[in-house]
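Each chain is listed here by its residues.
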Amino acid sequence: MAEERRGSWFGFGFCGFGQALGSGRGRQVHSPEPLQTPGEDVCRVSASWSYTAFVTRGGRLELSGSAGCAAGGCRDAWASEALLVVLRAGPGRGAGTELQAWAPGSALSGEPLWAHTVGPEAEGEDAPGGEPRAGALPLLPGARAYVSPRPPFYSPLAPELRARRLELGAEHALLLDEAGQVFSWGQGRHGQLGHGTLEAELEPRPLEALQGVPMAEVAAGGWHSVCVSETGDIYIWGWNESGQLALPSRSLAEVGKTAAGEASGPKEDGSDVRTAEGESGGLAPFIAIQPFPALLDLPPGTDAVKASCGSRHTAVVTRTGELYTWGWGKYGQLGHEDTSSLDRPRRVEYFVDKRLQVRAVSCGPWNTYVYAVEKAEG
């Protein structure tokens, strides 16, 4: 078996709190730059608005930004403004693994706000070859519960939900089960649940529009959602304020009109749907909210394998290792050397020019982190 090529993490976007984002000069980085990360290999990056958590293969956790500290014995970490969740070795000899919730500014000293011991039966449940089954946080090992930034922190899942991935947006949650079915719940006022309404859902509800199409990835933005099918298709829904759904956006069109010296304003009836001249010369609608999953086309022959969402931007990795981004770009979080927002996918040329294959992407609310390896010769 060929040895996996070692890669590097890159970052771009907002770093106004001193986050380790490339060079870290100023308040923003417009184009990908290698991260100033800990000396060991970083295997996990989780970014909140004001700080970022890095976890190395050796189990070291390092925070960068408004919260700063370092700790050992960590397997995973999940960052939010209200809570830092860490999966680490418990206190005391033979204590096993413990899930801990801390205030981000606590420097992981004193007592955690909340702690939960992860039993060996949960870690090894249904795991092939005896290896622990530990999904990325906020999904707990054993996939029977998850942790959220609001009390009671620990939230059990229904026994029939065999979860393999869970993503939390600002007001909603997405769950991918072992069969590739997507469930959503929480607030739905921006269409982010994908059920065709703007109503809230208190319990996980399957997305009927995606029934029969097995999914491989899910990602939750601030108020929008994305999933990637096992065949590489992208489905996206929710709020489109900055073009994050890759659909015509009113705000982007008005920026263009202002730049051209044209006046713009709402319709007399106050409608959220506006029209503009499309590529064919006809009228194309502005989409403010897309409450059903919409199929998104990348360039022909391009299949997606991974996706991540920021507050109002979206990033997708293709099977060939290319990165596409779109949506809100004010702080350079799209990686295109400027601060333009986009309502259609655009390839980040930096990685192509440097002959790098992108393997993973993790969006913070206003920035983006990317793991890439050098392309094989030939």
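Thresholds applied
- Position labels on residues start from 1 in each chain and follow its written sequence.
- Since the coordinates come from a predicted model, pLDDT governs what is reported: local features require at least 70, and pairs of side-chain atoms require 80 or more to be given and counted, while whole-chain, interface and lining totals use all residues.
- Heavy atoms from the whole structure form the basis of all side-chain values; hydrogens and water molecules are not counted.
- Numbering of helices and strands starts at the N terminus; helices are DSSP runs of H or I of at least 4 residues and strands are runs of E of at least 2.
- Throughout this description, buried means an accessible area under 20% of the type-specific maximum (1.4 Å probe, protein chains only), exposed means over 50%, and partly exposed covers the range between.
- Here, two residues are considered to be in contact whenever any of their heavy atoms come within 4.5 Å of each other.
- The Shrake-Rupley method, run with a 1.4 Å probe, gives the accessible areas here. Residue values count only the displayed protein chains as cover.
- Should DSSP find at least two bridges between two strands, the strands are taken to pair.
- Aromatic contacts are taken between Phe, Tyr and Trp rings whose centres are within 6.5 Å, Trp giving its six-membered ring; a plane angle under 30 degrees counts as stacked, one over 60 as edge-to-face, and the others as tilted.
- Distance and angle both matter: a charge sits over a ring if NZ of Lys or CZ of Arg is within 6 Å of the ring centre and within 35 degrees of the ring normal.
- Every angle, taken between N-to-C directions, lies between 0 and 180 degrees, and every axis is a line fitted to C-alpha atoms, over only the stretch in contact when it is a helix.
- Should a side-chain nitrogen of Lys or Arg be within 4 Å of a carboxyl oxygen of Asp or Glu, the pair is scored as a salt bridge.
- We call two N or O atoms a polar contact when they sit within 3.5 Å, provided that within protein one can donate a hydrogen and the other can accept it, with sequence-adjacent residues counted only if both atoms are side-chain atoms.

**Q** I keep staring at the overall build of the protein and nothing clicks. Help me out?
**A** If you tally the helices and strands in the protein, you get 3 helices and 28 strands. For the protein, with 378 residues in total, the buried portion stands at 49%. Taking as baseline every contact in the protein between residues at least 6 positions apart, the subset at least 24 positions apart corresponds to 45%. Accessible area of the protein: about 17,200 Å², with a carbon and sulfur share of 49%.

**Q** Got a minute to help me understand the pairing of strand β19 (residues 234–239) in this structure?
**A** For a regular strand, side-chain orientation follows a simple rule: the groups alternate between the two sheet faces. Burial analysis of β19 places 5 of its 6 residues in the buried class, which makes it a mostly covered element. Bridge analysis of strand β18 (residues 224–229) against β19 gives 5 bridges, and the strand direction is antiparallel. Opposite V228, over in β19, you have I234 as the bridge partner. Taking the residues between adjacent antiparallel strands as the criterion, β18 and β19 are bridged by 4 residues, where G232 takes a positive phi near 95 degrees. Bridging between β19 and strand β22 (residues 289–296) involves 5 bridges; their strand directions are antiparallel. Residue pairing in the sheet places I234 in a bridge with L296 of β22.

**Q** Would you mind showing me how to read the packing of aromatic side chains here?
**A** For any pair of aromatic rings, geometry is given as the distance between the ring centres together with the angle between the planes. A complete count under the given rule lists 18 aromatic pairs for this structure. Aromatic side chains W114 and F153 sit 6.4 Å apart centroid to centroid with 55 degrees between the ring planes, which places their arrangement in the tilted category. A residue pair is termed long-range when its members are at least 10 positions apart, and W114 in strand β10 (residues 114–118) and F153 in the loop between β11 (145–147) and β12 (154–156) qualify at 39 residues. Residue W114 shares its accessibility class with F153, and that shared class is buried. For the pair Y331 and W366, a centre-to-centre distance of 5.0 Å together with 10 degrees between the ring planes defines the contact as stacked. Taken together, the positions of Y331 in the loop between β25 (323–327) and β26 (342–347) and W366 in the loop between β27 (356–363) and β28 (367–374) put the pair 35 residues apart, joining distant regions of the chain. The residues Y331 and W366 share a single accessibility class, namely buried. An aromatic cluster is defined as three or more aromatic residues linked by ring pairs; in this entry it consists of F14, F17, W49, W328, Y331 and W366. Here the basic side chain of R312 rests over the ring of W328, its NZ or CZ set 4.0 Å away from the ring centre.

**Q** How should the sheet that holds β27 be read in this particular structure?
**A** To summarise the sheet geometry, strands pair through backbone hydrogen bonds and adopt either a parallel or an antiparallel arrangement. With antiparallel pairing, 4 strands are arranged side by side in an open sheet as β2-β1-β28-β27. Both edges of this open sheet fall to β2 (28–34) and β27, since each of them pairs with a single strand only. In this sheet, adjacent strand axes meet at a mean angle of 15 degrees when their direction is disregarded.

**Q** Help me understand the sheet that holds strand β5 (residues 61–65) in this model?
**A** The 4 strands are arranged β3-β4-β5-β6 in an open sheet whose pairing can be described as antiparallel. Here the strands that pair on one side only, and so sit at the sheet edges, are β3 (42–47) and β6 (70–71). Strand direction decides the pairing type here: β3 and strand β4 (residues 51–56), joined by 5 bridges, are antiparallel. The partner of R44 across the bridge, within β4, is V55.

**Q** What's the story with the pattern of salt bridges in this structure? I'm lost.
**A** Two side chains carrying opposite charge are able to pair once their charged atoms lie near each other. As enumerated under the stated definition, the model contains 11 salt bridges in all. Note that E217 is salt-bridged to R165, the shortest N-O span being 3.9 Å. Of this pair, E217 sits in strand β17 (residues 215–220) while R165 sits in strand β13 (residues 163–168), and the two are 52 residues apart along the sequence. Between E201 and R205 there is a salt bridge; the shortest N-O distance is 2.8 Å.

**Q** Explanation requested: the environment of R347 in the structure shown.
**A** Counting through the fold element by element, R347 comes out in strand β26. As a C-alpha pair, R347 and W326 span 21 residues in sequence and 9.0 Å in three-dimensional space. Filtering out sequence-adjacent residues up to four positions away, R347 remains in contact with E322, L323, Y324, H336 and V352. Among the polar contacts made by the side chain of R347, one reaches the side chain of E322 at a distance of 2.8 Å. Polar contacts involving the side chain of R347 include one to the side chain of E349, which spans 3.0 Å.

**Q** Before we go on, may I ask you to explain the pairing of strand β8 (residues 84–89) in this structure?
**A** A large share of β8 lies buried, amounting to 5 of its 6 residues. Judged from the 5 bridges that link them, strand β7 (residues 74–79) and β8 form a sheet pairing that is antiparallel. In the sheet register, C74 faces β8, and the bridge partner there is R88. Counted along the chain from β7 to the antiparallel partner β8, the turn is 4 residues long. Pairing analysis gives 6 bridges linking β8 to strand β9 (residues 97–102), with the strands arranged antiparallel.

**Q** So what exactly am I meant to see when it comes to the environment of T197 here?
**A** If you trace the backbone, T197 turns up in the loop between β15 (182–186) and β16 (201–206). Taking the relative accessible area as the measure of exposure, T197 reaches 35% and is therefore partly exposed. Remark: the alpha-carbon pair of T197 and F292, spanning 95 residues in sequence, is separated by 8.3 Å. Apart from the residues lying within four places of it in its own chain, the contact partners of T197 are G188, G191 and P291. A polar atom in the side chain of T197 sits 3.2 Å from the backbone nitrogen of E199.

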